[in-house]
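For reference, the chains in residue letters:
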Amino acid sequence: MDFKRNILITGGAGFIGSHVVRLFVNKYPDYRIINLDKLTYAGNLANLKDVEQKPNYAFVKADICDFGAMQETLRQYRVDGIIHLAAESHVDRSIKDPFIFARTNVLGTLTLLQAAKEYWESLPEGYEGKRFYHISTDEVYGALQMTCPEGKENPISAHKVYGDAFFHEYTKYNPHSPYSASKAGSDHFVRAFHDTYGMPTLVTNCSNNYGPYQFPEKLIPLFINNIRHRKPLPVYGKGENVRDWLYVEDHARAIDLIFHRGKTADTYNIGGFNEWKNIDIVKVVIRTVDRLLGRPEGADMDLITFVADRKGHDMRYAIDSTKLRDELGWEPSLQFEEGIEKTVRWYLDNQAWVDNVTSGDYQRYYEEMYAGK
Ligand code: NAD
Ligand code: TYD
C-alpha cells in the first residue's frame, strides 16, 4: 500500500512519544507511522497495545546512535518526516550518570540528523516536502527567579504566577543540569543542520508533562504509586520549586499542529500557563488518590517527607506560549484539576502496567538511589 506520508517517530514507546504515535496512527490512516525505539527502561510497547495491529503502524527496535540502522530505516520506509522524541529524560539520572545523556541526546540526535541529511540529499527532490521536527524542553533556558513567592495574578494566565519573567522563544539558553545541557546541545545541532545544509528543521520547547504512561520515576506518577502503597513521598528541599504543567495529550495536539503548520526553521514554546509549587501539587495528588481510593481525603498527608534537595535544582520554570496561540491557535484544553483526576484514575486502574514497568532495572536503580550511592 502506498501511503501519503511516511513519518518516523523516535522514542514512540516512551511517555510522550506513545501519545504522539497513538494520535497520528488514529488521526491519519493514510500516513504510515514508523515508531523507532531502543526500548530502554523508559520504553514500553505495552503503551501502544491499542494501535499495534493497525495497518499504518510499524515498529523498529533500534538505537538512534546506530548510524547504519538509521540509514537503513530511512531508506526502507522512504521516510519524509521525522518527529524526534527519543532521549534520556530524567534529571536525577543525569546527575548520577551524565555520559549516557551526552551519548543519546547529543550524539544520537546528530546521528539521526546526518542520516536524514544524506538520505534526503540523495533524492531527486532533495529536501522538498521533508521535515525534521525535534522535541525539546523548557529546561534548556535555565531557571527563573521566584520574585513573588506567594504567587500573584498575571494577565498572561488564569493561574497564579510566581515570578515576573517567563521563558520566551528568544530567551538565551542557560542549562544547568546534565539533562538540560544535553538537550541544549541537541537543539543547537538541529538548528545548525538548517543553517548549514538547509535541512527543513523545527524545534519546540515544552514545559513539564503529566498524564497516563509516564514512567513512575517522575514526580506525579511516582507519588501516586507511593500514596497507593502508603510509601514515603520524598519532596526535595522545601517543595517550593515551581514547574509549569501540561497534560500530555495537549502536548501531542500541539506537536500535530506544529508538524503540519509550523514554519520551517522556527521555534515554538509549548506550555500550560499552569505554574505550581511542588508541595501544592503533592497535596492535590494526595487528596485525589485518597478520595478515589475511598480513604478520608488528606489522610495520607503524613507520607510527605522532606529530603535533601536535588543538586543544582532549578527554582522555577514558566513558559510563555502566546506565540503558538497567536500564530497557530493552540491552547491547552484541560484544567489542571481535571487532568490530575484523569491521571490518578488511570494509574489506579492500571496497576498491572505500573508493576510491569517497575520491576527489574527500576528496582535496582531505586535501591541504589535511596541507599545514597
Ligand atoms: P521517556 O523517557 O518517557 O521516553 C524516551 C523514549 O526514548 C523511551 O521509549 C526510550 O526507550 C527511547 N530511547 C531512549 N534512548 C534511545 C536510543 N538511544 N535510541 C532509541 N530510542 C531511545 O521521555 P518523555 O518524557 O516521553 O520525553 C520525550 C521527549 O520529550 C524527550 O526528548 C524529552 O526531552 C522531551 N520533553 C519531555 C518533557 C516531559 O515533561 N516529560 C517535557 C518537555 C520535553
Ligand atoms: P521531575 O518530575 O523529575 O521533572 P523535572 O525535574 O524535569 O522538572 O520533577 C518535578 C519536580 O519535582 C522537580 O522540581 C523535582 C521535584 N521532585 C521531588 O521533589 N521529588 C521527587 O521524588 C521527584 C522525582 C521530583
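Basis of the calculations
- Here the residue numbering is sequential within each chain, running from 1 through the sequence in written order.
- All chains are assigned letters beginning at A, and all ligands numbers beginning at 1, according to the order in which they are written.
- Per-residue local features are limited, in this predicted model, to residues with pLDDT of at least 70; the limit for side-chain atom pairs, both in listing and counting, is 80 or more; totals at the level of whole chains, interfaces and linings are taken over all residues.
- Neither water nor hydrogens contribute to the side-chain values; these are computed over all heavy atoms in the structure.
- Per the convention used, a helix needs a DSSP run of H or I reaching at least four residues, while a strand needs a run of E reaching at least two, with both numbered from the N terminus.
- Each radius of gyration is computed over the set of C-alpha atoms, and the globule rule expresses the reference value as 2.2 Å times the number of residues to the power 0.38.
- Burial status follows relative accessibility: with a 1.4 Å probe on protein chains alone, a residue under 20% of its type maximum counts as buried, one over 50% as exposed, and anything between as partly exposed.
- We call two residues in contact whenever any of their non-hydrogen atoms come within 4.5 Å of each other.
- The method behind every accessible area is Shrake-Rupley, applied with a 1.4 Å probe, and residues are considered shielded solely by the protein chains displayed.
- Here, proximity means that at least one heavy atom of the residue falls within 4 Å of the molecule or strand.
- Any N or O atom pair separated by 3.5 Å or less is treated as a polar contact, with the protein-specific requirement of one donor-capable and one acceptor-capable atom, and with residues adjacent in sequence counted only for side-chain atom pairs.
- Any residue outside Ala, Val, Leu, Ile, Met, Phe, Trp, Tyr, Cys, Pro, Asp, Glu, Lys and Arg is labelled polar, Gly included; the first ten of those are nonpolar and the last four are charged.
- Any two of the Phe, Tyr and Trp rings considered here, Trp counted by its six-membered ring, make a pair once their centres fall within 6.5 Å; the pair's planes then place it as stacked at under 30 degrees, edge-to-face at over 60, or tilted in between.
- Think of it as a cone above the ring: NZ of Lys or CZ of Arg counts as a charge over the ring if it is within 6 Å of the ring centre and within 35 degrees of the ring normal.
- We count a salt bridge whenever a side-chain nitrogen from Lys or Arg sits within 4 Å of a carboxyl oxygen from Asp or Glu.
- Two strands pair under a simple rule: DSSP has to find at least two bridges between them.
- Look down the strands so they point away from you; if the path from the first strand over the helix to the second goes clockwise, the crossover is right-handed.

Visitor: Mind showing me how you'd approach the overall build of the protein here?
Guide: Each helix and strand counted, the protein has twelve helices and 14 strands in total. On C-alpha atoms alone, the protein measures out to a radius of gyration of 20 Å, which is about the 21 Å that the 2.2 N^0.38 rule sets for 373 residues. By the burial criterion, 60% of the 373 residues in the protein qualify as buried. Within the protein, contacts between residues at least 6 apart in sequence are counted, and of these 82% link residues at least 24 apart. In the structure as shown, the protein presents an accessible area of about 15500 Å², 51% of it carried by carbon and sulfur atoms.

Visitor: Could you clarify how one ought to interpret the site of ligand 2 in this entry?
Guide: Around ligand 2, the structure places 18 residues, and the nearest of them are Glu139, Pro234, Arg243, Arg310 and His313. Here Pro234 contributes a backbone N or O atom positioned 2.7 Å from a nitrogen atom of ligand 2. Contact between ligand 2 and Arg243: an oxygen atom at 2.8 Å from a side-chain N or O atom of the residue. For ligand 2, the accessible surface in isolation is 510 Å², of which the surrounding protein chains cover 97%. When residues of the shell around ligand 2 are traced back to their parent elements, those giving at least two are helix H6 (219-228) and strand E10 (233-236). Looking at the shell around ligand 2 residue by residue, the classes come out as eight nonpolar, five polar and five charged.

Visitor: Help me out: how do you make sense of the packing of aromatic side chains in this one?
Guide: Aromatic rings considered in pairs are described by the distance between their centres and by the relative angle of their planes. What the rule picks out here adds up to 19 aromatic pairs. Relative to Phe259, the ring of Phe24 has its centre 6.0 Å away and its plane inclined at 75 degrees; by these criteria the two rings are edge-to-face. You can see Phe24 sitting in helix H1 (residues 15-27) and its partner Phe259 sitting in helix H7 (residues 248-261), a full 235 residues away along the chain. Members of the aromatic cluster, each reached through a chain of ring pairs, are Tyr210, Trp245, Tyr247, Trp276 and Phe336. For the cation-ring pair, Arg316 lies above Phe166, with the distance from its terminal atom to the ring centre recorded as 5.4 Å. When the ring centre of Tyr268 is taken as origin, the NZ or CZ atom of Lys323, which lies over that ring, is 4.8 Å away.

Visitor: Help me understand the pattern of salt bridges in this model?
Guide: Two side chains of opposite charge can pair, provided their charged atoms sit close to one another. Evaluated as defined, the whole model comprises 25 salt bridges. A salt bridge links Arg93 to Glu217; the shortest N-O distance between them is 2.7 Å. Taken as a pair, Arg93 in helix H3 (residues 91-96) and Glu217 in the loop between strand E9 (208-210) and H6 lie far apart in primary sequence, 124 residues in all. Asp266 is the partner of Lys323 in a salt bridge, and the nearest nitrogen-oxygen pair spans 2.7 Å. Taken as a pair, Lys323 in helix H9 (residues 322-328) and Asp266 in the loop between H7 and strand E12 (267-270) lie far apart in primary sequence, 57 residues in all. Summarising the burial analysis for this pair, Lys323 and Asp266 share the class buried.

Visitor: When you look at unusual backbone geometry in this model, what are you seeing that I'm missing?
Guide: With glycine set apart, most residues show a phi of negative sign, and most peptide bonds adopt trans. One non-glycine residue, Arg78, lies in positive phi territory at about 50 degrees. Within the secondary structure layout, Arg78 lies in the loop between helix H2 (67-76) and strand E4 (81-84). Within the chain, Arg230 stands out as a residue other than glycine whose phi angle is a positive 50 degrees. Mapping Arg230 onto the fold places it in the loop between H6 and E10.

Visitor: Could you clarify how one ought to interpret the pairing of strand E2 (residues 31-37) in this entry?
Guide: On any regular strand, side chains alternate: one points to one face of the sheet, the next to the other face. Most of E2 is tucked away: seven of the seven residues are buried. Alternating positions in E2 separate into two faces, Tyr31, Ile33, Asn35 and Asp37 on one and Arg32, Ile34 and Leu36 on the other, with burial throughout. Bridge count for strand E1 (residues 5-10) against E2 is six bridges, and the pairing is parallel. Across the sheet, Asn6 pairs through a bridge with Arg32, a residue of E2. Handedness of the crossover joining E1 and E2 through H1 is recorded here as right-handed.

Visitor: Would you take a moment to explain the site of ligand 1 for this structure?
Guide: Contacts to ligand 1 come from 28 residues, most closely from Ile16, Asp37, Ser89, Tyr179 and Lys183. Taking Tyr179, its side chain carries an N or O atom lying 2.7 Å from an oxygen atom of ligand 1. Contact with the protein chains covers 97% of the free accessible surface of ligand 1, which is 840 Å². Of the residues forming the shell around ligand 1, the biggest block, three residues, is contributed by strand E5 (residues 131-137). Taken together, the residues that form the shell around ligand 1 break down as 13 nonpolar, eleven polar and four charged.

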